[in-house]
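One letter stands for each residue in the lines below.
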Amino acid sequence: MDPLTWTGSLGTVLNPILVILVPLFLLAVVLRILLSFFEPDTGIQANPDGTIVATGGIWGLSRATVNWLGVLLVALALAYLIGGIVMDTAAGILGGMARRLLPVWIALTATFGLSVVYKRRLGLYGKLFDSTIGMIGFGLVMFWVYTAIFTGLFDMIATHDPLGQNALLKNKVPGTPLGEEGEYPYYLLGGDNLARDVFSRVVAGSTIVMAIAPLATLFAFMVGITLGLPAGYYGGRLDTFLSFLANLILAFPVILLFYLLVTPEIVATGLPQYMAVVLFVFPLVFFGVLIHARYRTQPARNWVYLAIVLVPLTLIYLSLVNAPRSQIDFWPLDLFDVPGGILVVFVSVVFVNSPTVFRIVRGLTMDIKTRDYVAAAQTRGERPWYIMLWEILPNARGPLIVDFCLRIGYTTILLGTLGFFGLGLPPESPDWGTTINEGRRLLSVYLHPALPPALALLSLVLGLNLLADGLREESLRD
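Quick summary incoming for the structure in this document. (Residues numbered from 1 in each chain as written. Predicted model: local features only at pLDDT ≥ 70, side-chain atom pairs only at ≥ 80, totals over all residues. Heavy atoms only, no water.)

## Some points on the overall build of the protein
Using the following cut-off: By definition, any uninterrupted DSSP run of H or I lasting at least four residues is a helix, any uninterrupted run of E lasting at least two residues is a strand, and each is numbered from the N terminus. When a residue's accessible area, from a 1.4 Å probe over protein chains only, is under 20% of the maximum for its type it is buried; when over 50% it is exposed; and in between it is partly exposed. A contact between two residues is defined here by any heavy atoms of the two lying within 4.5 Å. Where accessible areas are quoted, they stem from the Shrake-Rupley method and a 1.4 Å probe; at the residue level, only the protein chains shown are allowed to cover.
Scanning the protein from terminus to terminus reveals 19 helices and four strands. Counting over 478 residues, the protein shows a buried share of 46%. Taking the contacts inside the protein whose residues are at least 6 apart along the sequence as the reference set, 69% of them involve residues at least 24 apart. When the accessible surface of the protein is split by element, carbon and sulfur atoms take 69% of a total near 24,300 Å².

In structure tokens, the structure reads:
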């Protein structure tokens, strides 16, 4: 069985076009940047509807050239993708990966199609599809979300066991065949220094990132919102005390704090579990107060809604903090167990992010509480928690949504940093930070083990930042 090339037989047709298009596109972009330093010679044309448009001149020609070359490059990329899906490994390594990721492409196409069709009914999310930057960011993020879902839940993407080893493929280059017939006879992105499949480890690593980063950020927001709203609304000693605690945590260097929290000696004391008991109760408090504040005057509905939401959340909370044969082992109905390393990292991320969220929510609350609609709610006799959760919080959603996206990216980088230094997660974990750390040791000789997880981390964080930019742009217009 022959090794795979990057594009296989598909490359004999498309590669020459790519070699011509890429230099032309880069040259057009450089020329357009250079032209931007001079005054344009374009004319101004008035349209019948009263709008004006700039036409003609070398500036207009350069813009049109860049746009058309960009469109051709996108079309060429789609040709690689569709050809790869159809031809599988006959289209080389890229074809093999495109075929394995077929469920992701289908899910992305369905998501974008439905979102664009119904975008006028979807509020701020729908407006995201009016922004090119926002759509690119959303596409990158959802690519990794769907990759994690189809890998973790349905085992449809990875070609091999991410922890499995084949001694014959140690440090082998991308496209190396296994030398034996099987369900998938190649290591698409090569083997690492322990002879494990790099492609399978990268897609498996996305499940760890997606399991920790968004959820930990959500928990941090629950903590920050639950404490930040009363601090900003009431002020006084409560604000002083909570702000002092937040500043105390923020004064500690973040990386050093992570080091301390995930070191085995600290973990052995049970401190992360005790912190989990405190921090994980905030979602219960938040949803309980949210529902009670809204339906307090309707007792029948209030108790029903509280039971529907709080009973399952309480069971999840107790199962989350309870761990057999540990300092907190009291709950007999333990529905699931979180691996010790994952829980420690999760708690650390929530603890580090909560004070920053608290300060943002507190600042927004102090600003919004002076608005007229808050004064009107106070005049109606609404209680403080109703005003905070149903008047102030909805009007602070724009900045909070943007910060949520940026914070997930920040958390993803933190997870990569922890994995890189071998802290928290098990050493054989396929998370991207650990894989980059293992690959860097032989970086001067073998580039392929470290580069794919680094690109994966980069693309996810880039997507989150672009998504946040798109949301911020659209929320400002809202």
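## Looking at the pattern of salt bridges
What counts, and what does not: Each salt bridge in this description consists of a side-chain nitrogen of Lys or Arg and a carboxyl oxygen of Asp or Glu lying within 4 Å of one another.
Under the defined criterion, the tally for this structure stands at eleven salt bridges. Salt-bridge contacts for arginine 120 lead to aspartate 130; the nearest nitrogen and oxygen are separated by 3.1 Å. One end of the pair, arginine 120, is in the loop between helix 4 (102–117) and helix 5 (123–127); the other, aspartate 130, is in the loop between helix 5 and helix 6 (132–152), and ten residues separate them in sequence. On the accessibility criterion, aspartate 130 (35% relative accessible area) is partly exposed. Residue arginine 380 is joined to glutamate 391 by a salt bridge in which the shortest nitrogen-to-oxygen separation is 3.4 Å.

## Some thoughts on the packing of helix 7 (residues 198–234) against helix 12 (residues 282–295)
Stated formally: Here an angle of 0 to 180 degrees is reported between the N-to-C directions of two axes, which are lines fitted to C-alpha atoms, with helices fitted over the stretch in contact. For classification, angles of less than 35 degrees are called roughly parallel, those exceeding 145 degrees roughly antiparallel, those between 65 and 115 degrees roughly perpendicular, and all remaining angles oblique. Helix crossings get a hand from a simple test, with the near helix turned counterclockwise from the far one by less than a right angle marking a left-handed crossing and a clockwise turn marking a right-handed one. Polar here means any residue other than Ala, Val, Leu, Ile, Met, Phe, Trp, Tyr, Cys and Pro, which are nonpolar, and Asp, Glu, Lys and Arg, which are charged; Gly is therefore polar.
Two numbers describe how helix 7 lies on helix 12: the axes approach to 9 Å, and their chain directions differ by 55 degrees. Between helix 7 and helix 12, the crossing angle belongs to the class labelled oblique. Every pair of crossing elements has a handedness; the one defined by helix 7 and helix 12 is left-handed. Contact residues: Phe219, Met222, Val223, Ile225, Thr226 and Leu227 in helix 7; Phe282, Pro283, Val285, Phe286 and Phe287 in helix 12. Broken down by class, the residue content of the contact of helix 7 with helix 12 amounts to ten nonpolar, one polar and no charged.

## Some thoughts on helix 16 (residues 384–395)
The cut-off we apply is this: What a helix should span is 1.5 Å times the count of its residues minus one.
Helix length check: helix 16, at twelve residues, gives a terminal C-alpha distance of 16 Å against a target of 16 Å (1.5 Å per residue), a fit within 8%. Taken together, the buried positions of helix 16 are occupied by Tyr386, Ile387, Met388, Leu389, Glu391, Ile392 and Leu393.

## Some points on helix 2 (residues 57–87)
Each α-helix turn comprises 3.6 residues. Residues three or four places apart therefore point the same way. With 31 residues, helix 2 should cover 45 Å at 1.5 Å per step; its first-to-last C-alpha distance of 45 Å lies within 8% of that length. Considering only its buried residues, helix 2 is in contact with helix 1 (11–35), helix 3 (92–100) and helix 4. Two residues or fewer past helix 2, aspartate 88 is found with a positive phi of approximately 55 degrees.

## Structural notes on the packing of aromatic side chains
Stated formally: Here the aromatic set is Phe, Tyr and Trp, taking the six-membered ring for Trp, and pairing holds for ring centres within 6.5 Å; pairs whose planes are under 30 degrees apart are stacked, those over 60 apart are edge-to-face, and all others are tilted. The criterion for a charge sitting over a ring is simple: Lys NZ or Arg CZ within 6 Å of the ring centre, and within 35 degrees of the ring normal.
Under the definition given, this model contains 15 aromatic pairs. Ring plane angle 80 degrees and centroid distance 5.0 Å describe the contact between phenylalanine 143 and tryptophan 144, whose orientation is recorded as edge-to-face. Assigned by exposure class, phenylalanine 143 and tryptophan 144 land together as buried. One aromatic cluster in this structure is built from Trp105, Phe143, Trp144 and Trp432. Over the aromatic face of tyrosine 295 sits the side chain of arginine 294, whose NZ or CZ is 5.3 Å from the ring centroid.

## Focus: the side chain of asparagine 171
Note that asparagine 171 resides in the loop between helix 6 and strand 3 (176–177). Residues in contact with asparagine 171, not counting those within four places in the same chain, are Gly191, Asp192, Asn193, Leu442, Tyr446 and His448.

## Some remarks on the packing of helix 7 against helix 17 (residues 397–420)
Direction vectors running N to C along helix 7 and helix 17 enclose 130 degrees, while the axes themselves pass 9 Å from each other. One finds that helix 7 runs oblique with respect to helix 17. With respect to the hand of their crossing, helix 7 and helix 17 are arranged in right-handed fashion. Across the interface between the two elements, Val209, Ile212, Ala213, Pro214, Thr217, Leu218 and Phe221 from helix 7 touch Leu400, Asp403, Phe404, Arg407, Ile408, Thr411, Thr412 and Leu415 from helix 17. Residues that form the contact of helix 7 with helix 17 fall into these classes: ten nonpolar, three polar and two charged.

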